[in-house]
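Listed below, chain by chain, are the residues.
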Amino acid sequence: MRCSVLVVGAGPAGAELTRLLALAGVDVVLVERLPDLKRAAFSSAALPLEALDRFGLPKSVVAARWTGWDLLGPGDQHRRWDSATTQGVVLDFAALRRWLVAEAEAWGARVLLGQRALGWEQRGAAVHTTIQAIDGRRRCLVSDWLIDATGQQRALLGDPAPTMRPGAHELVSGVGLEWLVSVPQDCWQRWSDRLAFALGIDWVSQGYGWVFPMQAPRLKIGVCRLLDPSQRQPPLGLVLQRLLERLFEPQQRRQMAVLDRHGGLIRSTIHRREPHRRGRLIAIGDAVSTANLLGGEGIRHALTSSRVLAPLLLDALAQASTSQAGRRAAGSSPPRDPDGPLKAYPALLRRALGWRWSISGRLARRTWLDLRDRRADARLERLLTSLEQQRAEDLGALLFGYRFERYGARTLPYLLGWR
Ligand SMILES: Cc1cc2nc3c(=O)[nH]c(=O)nc-3n(C[C@H](O)[C@H](O)[C@H](O)COP(=O)(O)OP(=O)(O)OC[C@H]3O[C@@H](n4cnc5c(N)ncnc54)[C@H](O)[C@@H]3O)c2cc1C
């Protein structure tokens, strides 16, 4: 099989890029190892409302809306922030992937599910990719460009190689575990309109727990933490069990039905300076560290990477066909470099993510890795106390907009560990 662009991975990044390319009339193939996109819906998928508008996501992918925040901890403390208006949504992650893929197919993309990309090789200007079906059969796909959208696995691009500067490309990893549960209606009601986080070492050391609403009467309950080889970290399953025991009455737990258990890794470099490309292979989304470790959040950043790359790739494809025509027409001016437009991709993506993104990565490492003793709890408590006078909207600007400078004197010193 031959195509112009082969995209590997039908997460938000890969499915969105495929959709954009198909919309522009490009011959694009999307390969995904999952045989069914309903499976492995690992993401909690909380987003601020503006992302829904920015990426034109339909109502059908929204599982719940939220208007406020509950911050539990440290210890038994409980703080609430409410707003009269919707602040954000929790997506049905499986529905998001399925919608994006259906749109791509409707615009003419070919989608191959249940196919894993094993490896690739560039021969001249063509890329040969080996894919394997579930029954073990292998075949080769030939394309002009290959896109690694395999998320934190970086299945084709590979992890960034160490550089002369120690730590420059160091991957910081977080691991999350989440249950999708069904609960009695009155229990669901208590969590139905807010994002709730459990913070502090009594809840989750070096991480945090959460309860997010889904369609009634469902909730997503999860825990995550940064990986720290220097510490003995208890199994996440145990941490989640303790969270459940503390948040839900025995009666509620007995009536709780676990509908799905899932989880996964988030891995990003802090500075995002790793190569985004090898020859005709280009990576997007988590494969180039767009996931933000502070809030364990990456869907909108993965979508952003596709929005940045799509016009550059279209430009490169257009230049390649112009130079091909040029070569055929004798005496025409020398062709432009078809790879030219793509050179700007890493810088344009960095600009689109913004300078705050990079600061928040550094703060994430500091905040979560240090959260393992009473002193860290006390620092966290001082920060939360200082936020009590803020509105729910301001909390959103801090946690999703990374607008730390608005709290300069109060937040930055805490986050940098000076208090
Ligand atoms: C527990 C957890 C909770 C999260 N919660 C949130 C949240 O609340 N909000 C938020 O915005 N983000 C959240 N994230 C992060 C977010 O889900 C990711 O940043 C986002 O999904 C990245 O999108 P992506 O398309 O780059 O990669 P992915 O979504 O990881 O997609 C990669 C795709 O590639 C496929 N694939 C991998 N290897 C191959 C191969 N060799 N061949 C073929 N296919 C392959 C995979 O099956 C997958 O479908 C969470 C992540 C985790 C782990």
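The sections below set out a description of the structure shown in this document. (Residues numbered from 1 in each chain as written. Predicted model: local features only at pLDDT ≥ 70, side-chain atom pairs only at ≥ 80, totals over all residues.)

1. Regarding the sheet that holds strand β4 (residues 62-66)
- Overall, antiparallel pairing links the three strands, which are arranged β3-β7-β4 in an open sheet. If you trace the sheet from one side to the other, it starts and ends with β3 (46-48) and β4, each paired once. Between one strand axis and the next, the sheet turns through 30° on average, direction left out of account.
- Where β3 lies against strand β7 (residues 88-91), three bridges are found, and the strand directions are antiparallel. Across the sheet, residue Leu 47 finds its bridge partner in β7, namely Val 89. (Pairing = 2+ DSSP bridges. Helix = DSSP H or I, 4+ residues; strand = E, 2+ residues; numbered from the N terminus. Axes fitted to C-alpha atoms, helices over the stretch in contact; angles between N-to-C directions.)

2. Quick notes on the packing of helix α1 (residues 12-23) against helix α3 (residues 93-106)
- For the pair α1 and α3, the least separation of the axes is 8 Å and the interaxial angle reads 20°. Between α1 and α3, the angle is such that the two are roughly parallel. Handedness of the α1/α3 crossing: left-handed. Here Pro 12, Ala 15, Glu 16, Thr 18, Arg 19 and Ala 22 of α1 come into contact with α3, specifically with Leu 96, Arg 97, Leu 100, Val 101, Glu 103 and Ala 104.
- Residue composition of the contact of α1 with α3, grouped by class: seven nonpolar, one polar and four charged. (Parallel < 35°, antiparallel > 145°, perpendicular 65-115°, else oblique. Left-handed = near helix turned anticlockwise from the far one by under 90°. Contact = placed C-beta atoms within 7 Å. Nonpolar A, V, L, I, M, F, W, Y, C, P; charged D, E, K, R; others polar.)

3. Considerations on the environment of Asp 377
- Relative to the elements of secondary structure, Asp 377 occurs in helix α10 (residues 374-387).
- According to the C-beta neighbour criterion, Asp 377 is partly exposed, with 19 such atoms within 10 Å.
- Between the alpha carbons of Asp 377 and Leu 199 there is a distance of 8.6 Å; along the sequence they are 178 residues apart.
- If sequence neighbours within four positions are ignored, Asp 377 has contacts with Pro 74, Gly 200 and Ile 201. (Buried ≥ 20, exposed ≤ 12 C-beta atoms within 10 Å, placed from the backbone.)

4. Comments concerning the pairing of strand β15 (residues 218-226)
- Of all nine residues in β15, nine are buried; the element is thus mostly enclosed.
- Where burial is concerned, the two faces of β15 agree: the one with Arg 218, Lys 220, Gly 222, Cys 224 and Leu 226 and the one with Leu 219, Ile 221, Val 223 and Arg 225 are both buried.
- The pairing of strand β12 (residues 171-182) with β15 spans nine bridges and is antiparallel. Of the residues in β15, the one forming a bridge with Gly 176 is Cys 224.
- In the sheet, strand β14 (residues 207-213) pairs with β15 via seven bridges, with the strands oriented antiparallel. What sits directly across from Val 211, in β15, is Ile 221.

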